Amino acid sequence: MQVDKNETSRIVSFYWHCVTRWRRQLVGLLVTVPLTVLVNQFLPPLILAEVLNRLSTHDYVRNHVWSSFGGDIIAYAALVLFGGVVAWRIVDRFAWTLEGKVEQDIARRVFDHLMSMSMGFHANRFSGSLVSQTNKLMGSYIRLADTTIFQVLPLAVSLIFAAIILAGRAPLFVVLLLFFSILYVISAIFVTRAVRRLSAKHAADESAQTGYLADVVTNVMNVKSFAGQGYENKAFAKITSTTHDGLLALMRGHQKQQSYFSAVVSVISALSFAVAVIGVVNFGANIGTVFLILNYTAGITSQLFQFSNSALRNYNRSLGDARDMVAILDIPAEVKDPAEPKPLRVKKGRIEFKNVSFTHEGAGDAIFANFNLAIAGGEKVGLVGHSGSGKTTLTRILLRFSDIDSGQILIDGQNIAEITQDDLRREVAYVPQEPLLFHRSLAENIAYGKPGANQSEIEKAASLAHADEFIRILTNGYGTLVGERGVKLSGGQRQRVAIARAMLKNAPILVLDEATSQLDSESELLIQDALWKLMEDKTTIIIAHRLSTIQKMDRIIVLEDGEIAEQGSHKELLAKKGVYARLWSHQSGGFLEE
């Protein structure tokens, strides 16, 4: 999996945009790093070179070290102490501050983007992989930033300072040093392309491994109940083998390029030594100049080797790690809020589906084609039909989890496409077929329907939903953590918590998708009264396979293949002896046969 030029450009552009938001810290680094390199790496050798020249020419007072070299010693000590103790600490402070701010920005941007994506986007991806890709994006920035600040930028300014200082002393050496250094950097970038591809593939393999692990852990009950541990062990072993093989391939590629770089650096060092000797023998260069040539060359060749050995490897890994999430950030949200949204004013809660057409992504045939349905404000409607008839899809497009292909969905005459998604969903209390809970306390999960709700409001809603009776016997009561996705609760208990949440929200439109399917008959009878109280003065849509749940609704709509097969009250539909009557007669134990 190759990181091509366009991907590299997008990744660098993404990080650069994040960094330039914090200009004070960025400018601070661009100033302090060169000054620190100058003070730490170039000025002390200049003092030593001057001392060596004076020593070689006996330009000092014998037996008077301090009077001859005291000032040089103090200047050298001051530069070394300042460069090693103070200057790099200032750079560190700017670097940590900038990296912390950028990392926070990246986390928030990714979070906002993932939250804005449609349910279809999330259905097609492992949540574990998304978490892994997010962590890799932030980690790759830190790695890339540290490499740039502490390796690449110092190398660049070192070449500039070396050229400036030696230009008048050894101009030929300066030309050769710059030529071979630039040639080395270009060849290093070219040679490492293969490693960059291997790094990107290894990063993708790691994400796939993490995603598979998250999927299996999330569904561990399925694995155990179907005795699937052996199968999953083999499948995961295959995935880890792929990741391991990718790592070994990356290691072999890295070792090959290191052999090349070590040879080139050795050649540059040997050439600098030869130039220094030739300078003394043929051109009468002084010992101080020879010292500077050898000292600066040693420092720069060490930095060049670090560039090829460490910096490029970090860049390659960073680009590989960032690739997936940067690509995801480029994916536009399928469901978007209007540029100039209108406020939603729900008065009666009338809902109208007007010439609605909708096709699931990847599906050939439309679920709805010119579908029409009007639900009066305050009306209680039940939706029935076999699986695939469009019941749940109808509620999903009402909530704008997906956008319709054509037509309009109106609430009190307002097109929901002209309203923000949040404003729309604030007016709808929704209990899905499989209610999922946060790994938070029961109180927090219930209060999610009404942020800021006090404890008495939470307990009242739980009592109405008959959740209070099982919550109070728990050791920590309403403070009990429910586990990831609510796994510490039974299906029926999760549904009660979800119903309590909807009750606390008390929105003018209520949508229940099999909201009592996991309750036993006795529990459902208890909750039915609470649900009828909840439905008072609310426009209600209930999907149910258990037809006894909806027989008291104002109207029952029977869907078949995305069309209304028939509609009416329970008694009216039984009298018609049509689809609904057959569904009613086929029920066994109160459930609808598929």
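Everything below is about the structure printed above this text.
Residues numbered from 1 in each chain as written. Predicted model: local features only at pLDDT ≥ 70, side-chain atom pairs only at ≥ 80, totals over all residues. Heavy atoms only, no water.

A short note on the sheet that holds strand E2 (residues 368-375)
- Pairing within the open sheet is antiparallel, and its four strands lie in the order E2-E1-E4-E5. Taken across any chain shown, the strands that pair with only one partner, and hence form the sheet edges, are E2 and strand E5 (414-415).
- As paired strands, strand E1 (residues 351-358) and strand E4 (residues 406-411) are joined by five bridges and run antiparallel to one another. Bridge pairing in E4 places serine 357 opposite serine 406.
- Set on the sheet, helix H11 (residues 391-398) makes contact with E1, E2 and E4; between it and E1 the angle comes to about 110°. (Pairing = 2+ DSSP bridges. Helix = DSSP H or I, 4+ residues; strand = E, 2+ residues; numbered from the N terminus. Contact = heavy atoms within 4.5 Å. Axes fitted to C-alpha atoms, helices over the stretch in contact; angles between N-to-C directions.)

A closer look at the nonpolar core
- Phe14, Tyr15, Ile106, Leu137 and Tyr141 are the most contacted members of the largest nonpolar core, which totals 60 residues.
- Of all the secondary-structure elements, those providing two or more residues to this core are helix H1 (5-19), helix H2 (23-56), helix H3 (65-116), helix H5 (127-166), helix H6 (171-191), helix H9 (229-283) and helix H10 (287-329).
- Among the nonpolar cores identified, the runner-up in size contains 46 residues, and Ala462, Leu534, Leu573 and Val579 belong to it. (Core = buried A, V, L, I, M, F, W, Y, C linked by side-chain atoms within 4.5 Å. Buried < 20%, exposed > 50% of the residue type's maximum accessible area, 1.4 Å probe, protein only.)

Concerning helix H14 (residues 455-464)
- Of the residues making up H14, those classed as buried are Ile458, Ala461 and Ala462. The arc that holds every buried residue of H14, seen down its axis, measures 100°, which confines them to one face. The exposed set on the far side of H14, more than 90 degrees from its buried face, consists of Ser456 and Lys460. (Arc of directions from axis to C-beta.)

Quick notes on the environment of serine 259
- As for its placement among the helices and strands, serine 259 is situated in helix H9.
- Serine 259 gets classed as exposed once you look at its relative accessible area, which sits at 51%.
- Measuring from C-alpha to C-alpha, the distance between serine 259 and asparagine 309 comes to 10.0 Å, with 50 residues separating the pair along the chain.

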